[in-house]
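Chain residues, written in single-letter form:
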Amino acid sequence: MRPVPAGHLSWRTYLQAPLTPVLLSSAPAGLSPWGSLLESFAGAVGDVPALLALAVEAGRTWPRPGEGRTAVLWELLASVAATDVAAARVLEPHLDAVAILAQAGQAFPAVHPRPDGAAEAAWGVFAAEAPNARLEARSGSTGIVLNGIKPWCSLAGRLDCAVITAHTDDGGRAAFAVSLRHPGVACEEPEWIARGLREIPSGSVRFDQVPATPVGDTGWYHSRPGFAWGGMGVAACWLGGAVGVARDFRAGLLAGADNGREPDQLALAALGEVDRTIAAALQYLAGTAARIDDGTLGADGSQSTWSEAQRVRGTAAAAVERVLHLVGSHRGPGPLAFDEPYAKRMADLALYVRQHHGARDDAQLGRLALKGDCPW
């Protein structure tokens, strides 16, 4: 199926384009049980309430990592990101929260549902730290309460609940399920300067005596294999976004050829490099998903799940950066100035991939490799 040419598309034309899935190891028909929902995500681009409702729906039926269909989950995430990066940025945290609660063996939802009586809630996962913000969990006569500030809480004002990490009495950190509708929760409305992910601003949230339900013990959140699995799910979203950019590039070249402007050798070389860069990263992701599901990842003790997560994330981030550079330099300023879906995708993806910390994450991986935690 040839993609709709991406030159100067209107949003209406863009949203009517058929959704082409991103596949790791499945046959094209492998995602058909979720095809209708994938199309719904494409139709809800830019509508955050609609995207959150779709995320809740996806949380009911989409696979969870480590349960035998990890590759399918990552294909679904990548497919949404290939259509719209911000849509995947809405979807992924809710699915991650569903998985975290399942890994902890707790019912979903773990805290009261929305005040409007809906049976299920839209969830986020807030685990970031900052030097000037600290959230503490303290035990009291009525249970655990949260006090303090949590930074980088995306869409907190639109969500119902969150899995959130906080500092505990014993000096560690633990995860808690909390209602964001409690009167003690105050969500900052940040001035979002970035051009990327404009519908998903991330601000700080202040908690004042907010009741919380423990999710696992102290240290469980970061030590469980699912922490690494979730980080790799984010990498699947990054790669899906890169696939969307690559499809824009290919569609632009096809549109030019249809108008008598055949691509030159430099354009073809760039497209070829984009192709092999994405293919290699997707194949690595597929292999890792298979090892998660068959239980071989980390089983022999010589290679940890977290070191593999760092390899996957670093490989995906490098692929994204290269694709952004190749496509951006060859398409030039015109599409960035006048093609809204393409310009949005480029800005969204460039910001989203900055969740990878570049050389600092590589340094952490190097430290693990020095200790022998490596496959070579």
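Up top is the structure.
Rules of the game
Along each chain, residues carry numbers from 1 onward, in the same order as the chain's sequence is written. Thresholds applied to this predicted model are a pLDDT of at least 70 for local features of residues and 80 or more for the giving and counting of side-chain atom pairs; totals over whole chains, interfaces and linings are not thresholded and use all residues. As a rule here, side-chain values come from all non-hydrogen atoms in the structure, and water together with hydrogens is ignored. Helix axes use the C-alpha atoms of the stretch in contact, all axes being lines fitted to C-alpha atoms, and the angles between their N-to-C directions lie in the range 0 to 180 degrees. Secondary structure elements are defined from DSSP: runs of H or I of at least 4 residues count as helices, runs of E of at least 2 residues count as strands, and each element is numbered from the N terminus. For any helix crossing, the convention is left-handed if the near helix is rotated counterclockwise from the far helix by under a right angle, and right-handed if that rotation is clockwise. Any pair of residues with heavy atoms lying within 4.5 Å of one another is described as a contacting pair. Amino acids are sorted into nonpolar (Ala, Val, Leu, Ile, Met, Phe, Trp, Tyr, Cys and Pro), charged (Asp, Glu, Lys and Arg) and polar (every other residue, Gly among them). A simple rule labels every residue: compare its accessible area, found with a 1.4 Å probe on the protein chains alone, to the largest value its type can have, and call it buried under 20%, exposed over 50%, or partly exposed in between. Any pair of N or O atoms that falls within 3.5 Å is considered a polar contact. Within protein, one atom must be able to donate a hydrogen and the other to accept it, and sequence-neighbouring residues count only if both atoms are side-chain atoms. Think of a salt bridge as a Lys or Arg side-chain nitrogen and an Asp or Glu carboxyl oxygen that are within 4 Å of each other. Each helix should span, by expectation, one fewer than its residue count multiplied by 1.5 Å. Aromatic rings from Phe, Tyr and Trp, taking only the six-membered ring of Trp, are treated as a pair when their centres fall within 6.5 Å; an angle between ring planes under 30 degrees marks them as stacked, one over 60 as edge-to-face, and anything in between as tilted. A positively charged side chain is recorded as over a ring if its NZ (Lys) or CZ (Arg) lies within 6 Å of the ring centre. The angle to the ring normal must also be within 35 degrees. Buried Ala, Val, Leu, Ile, Met, Phe, Trp, Tyr and Cys residues form a nonpolar core when they are joined through side-chain atoms within 4.5 Å.

Thoughts on the packing of helix α3 (residues 48–61) against helix α5 (residues 85–103)
Phase 1 of the analysis: In contact at an axis separation of 9 Å, α3 and α5 are set at 35° when each is read in the N-to-C sense. As α3 runs across α5, the sense of the crossing is right-handed. Contacts between α3 and α5 involve Leu51, Leu52, Ala55, Val56, Ala58 and Gly59 from the first element and Ala87, Val90, Leu91, His94, Leu95 and Val98 from the second.
Phase 2 of the analysis: In the contact of α3 with α5, the residues fall into ten nonpolar, two polar and no charged.

Some words on the environment of Lys371
Phase 1 of the analysis: Tracing the chain through its elements places Lys371 in the segment after α12 (359–370).
Phase 2 of the analysis: Spatially, the C-alpha atom of Lys371 lies 47 Å from that of Gly252, the residues being 119 residues apart in sequence.

Quick word on the side chain of Lys344
Phase 1 of the analysis: Along the chain, the position of Lys344 falls in helix α11 (residues 340–352).
Phase 2 of the analysis: Overall, the relative accessible area of 15% leaves Lys344 in the buried class.
Phase 3 of the analysis: Within the structure, Lys344 has its side chain in polar contact with the side chain of Asp348 (distance 2.7 Å).

Structural notes on unusual backbone geometry
Phase 1 of the analysis: In this model, Leu197 sits at a positive phi of 50°, which is unusual for a non-glycine residue.
Phase 2 of the analysis: Note that Leu197 resides in the loop between β6 (185–187) and β7 (202–215).
Phase 3 of the analysis: In this model, Gln209 sits at a positive phi of 55°, which is unusual for a non-glycine residue.

Considering the pattern of salt bridges
Phase 1 of the analysis: Tallied over the full model, the rule gives 16 salt bridges.
Phase 2 of the analysis: Residue Asp84 is joined to Lys344 by a salt bridge in which the shortest nitrogen-to-oxygen separation is 2.9 Å. One end of the pair, Asp84, is in the loop between α4 (70–83) and α5; the other, Lys344, is in helix α11, with 260 residues separating them in the sequence.
Phase 3 of the analysis: Given the relative accessible area of 3%, Asp84 is considered buried.

Some words on α3
Phase 1 of the analysis: The end-to-end C-alpha separation of α3 is 20 Å, in line with the 20 Å expected for 14 residues at 1.5 Å each.
Phase 2 of the analysis: Every buried residue of α3 is accounted for by Val48, Leu51, Leu52, Leu54, Ala55, Val56, Ala58 and Gly59.
Phase 3 of the analysis: Lining the buried residues of α3 we find α2 (35–43) and α5.

Section: the packing of aromatic side chains
Phase 1 of the analysis: Applying the stated criterion across every chain yields a total of four aromatic pairs.
Phase 2 of the analysis: Aromatic ring contacts, followed pair by pair, group Tyr221, Phe227 and Trp306 into a single cluster.
Phase 3 of the analysis: One Lys or Arg, Arg224, reaches over the ring of Trp220 and ends 5.3 Å from the middle of that ring.

Some details on the nonpolar core
Phase 1 of the analysis: Formed by 100 residues in total, the largest nonpolar core has its most connected members in Trp62, Trp74, Leu146 and Phe207.
Phase 2 of the analysis: Among the elements that make up this core, the one with the highest residue count is helix α7 (residues 225–258) (15 residues).
Phase 3 of the analysis: Setting aside residues no more than four positions away along its own chain, Leu146 makes contact with Leu135, Glu136, Ala137, Ile164, Ala166, Phe176, Val178, Phe207, Asp208, Gln209, Val210 and Ala212.
Phase 4 of the analysis: Counting twelve residues, the second largest nonpolar core, distinct from the first, contains Leu101, Val125, Val163 and Ala175.

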